[in-house]
Amino acid sequence: MPKTLRSSGHKALLAVLVASRREAGLTQRQLAERLKMPPSVIGKIETGERRLDVVEFVAIAKALKMDPRVLFDRLLNW
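Residues numbered from 1 in each chain as written. Predicted model: local features only at pLDDT ≥ 70, side-chain atom pairs only at ≥ 80, totals over all residues. Heavy atoms only, no water.

Would you explain the environment of Gly48 in this entry?
Here Gly48 lies in the loop between helix H3 (39-47) and helix H4 (54-63). Accessibility expressed as a relative area gives 0% for Gly48, which makes it buried. Expressed as a C-alpha distance, the spacing of Gly48 and Leu5, which sit 43 residues apart in the sequence, is 7.4 Å. When near neighbours in sequence (up to four residues on either side) are disregarded, Gly48 contacts Leu5, Arg6, His10 and Leu14. (Helix = DSSP H or I, 4+ residues; strand = E, 2+ residues; numbered from the N terminus. Buried < 20%, exposed > 50% of the residue type's maximum accessible area, 1.4 Å probe, protein only. Contact = heavy atoms within 4.5 Å.)

What follows is the structure, given as structure tokens:
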């Protein structure tokens, strides 16, 4: 399996996360506060410097007050 970091699929994931955060009306700092993590972590996730695992994906979706399945569906349809 080829590496996924910086792949078109990875870029789509990042775009969906950023768009969803903005639609929720949150800054990176506000999202980080909801997740109880440093804002730099959100910045690194959104720029692709840091990988995101499925558990973190679900936590981000919930922090955005979204069903993780809906967020994942957005990714599949990006």
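Teacher, can you tell me more about the packing of H4 against helix H5 (residues 68-76) here?
To characterise two packed helices, one gives the angle between the axes of the helices and the distance between these axes. Running from amino to carboxyl end, H4 crosses H5 at an angle of 105 degrees, the nearest separation of the two axes being 8 Å. One finds that H4 runs roughly perpendicular with respect to H5. Across the interface between the two elements, Phe57, Val58 and Ala61 of H4 pack against Pro68, Leu71 and Phe72 of H5. Classifying every residue of the contact of H4 with H5 gives six nonpolar, no polar and no charged. (Axes fitted to C-alpha atoms, helices over the stretch in contact; angles between N-to-C directions. Parallel < 35°, antiparallel > 145°, perpendicular 65-115°, else oblique. Nonpolar A, V, L, I, M, F, W, Y, C, P; charged D, E, K, R; others polar.)

How should I be thinking about the environment of Ala59 in this particular structure?
Position of Ala59 relative to the elements: it lies in helix H4. Exposure remark for Ala59: the relative accessible area of 34% places this residue in the partly exposed category.

In this structure, what is going on with H5? I would like to understand it.
Since the α-helix turns once every 3.6 residues, residues separated by three or four places project in the same direction. Taken together, the buried positions of H5 are occupied by Pro68, Leu71 and Leu75. Looking straight down H5, one finds that the buried residues subtend no more than 65 degrees of arc, so they occupy a single side. Set apart from the buried face of H5 by more than 90 degrees, the exposed residues are Arg69 and Leu76. The N-cap residue of H5 is Asp67: its side-chain oxygen and the backbone nitrogen of Arg69 are 2.8 Å apart. (Arc of directions from axis to C-beta. Polar contact = N/O pair within 3.5 Å; in protein donor to acceptor, adjacent residues only side chain to side chain.)

Just to check I follow, could you spell out the pattern of salt bridges for this structure?
Side chains that carry opposite charge are capable of pairing whenever their charged atoms lie near each other. Tallying each qualifying case throughout the model produces four salt bridges. Of the charged contacts, one joins Arg69 and Asp67 as a salt bridge, the two residues approaching to 2.9 Å between their closest N and O atoms. For Arg69, a relative accessible area of 64% puts it in the exposed group. Residue classification places Asp67 among the partly exposed residues on the basis of a relative accessible area of 31%. (Salt bridge = Lys/Arg side-chain N within 4 Å of Asp/Glu carboxyl O.)

Mind showing me how you'd approach unusual backbone geometry here?
The backbone of Lys36 shows a phi angle near 55 degrees, a positive value even though the residue is not glycine. With respect to the helices and strands, Lys36 occurs in the loop between helix H2 (28-35) and H3. The exposed category is assigned to Lys36, whose relative accessible area is 75%. Backbone geometry at Lys65 places phi at a positive 60 degrees, although glycine is not the residue there. Along the polypeptide, Lys65 turns up in the loop between H4 and H5.

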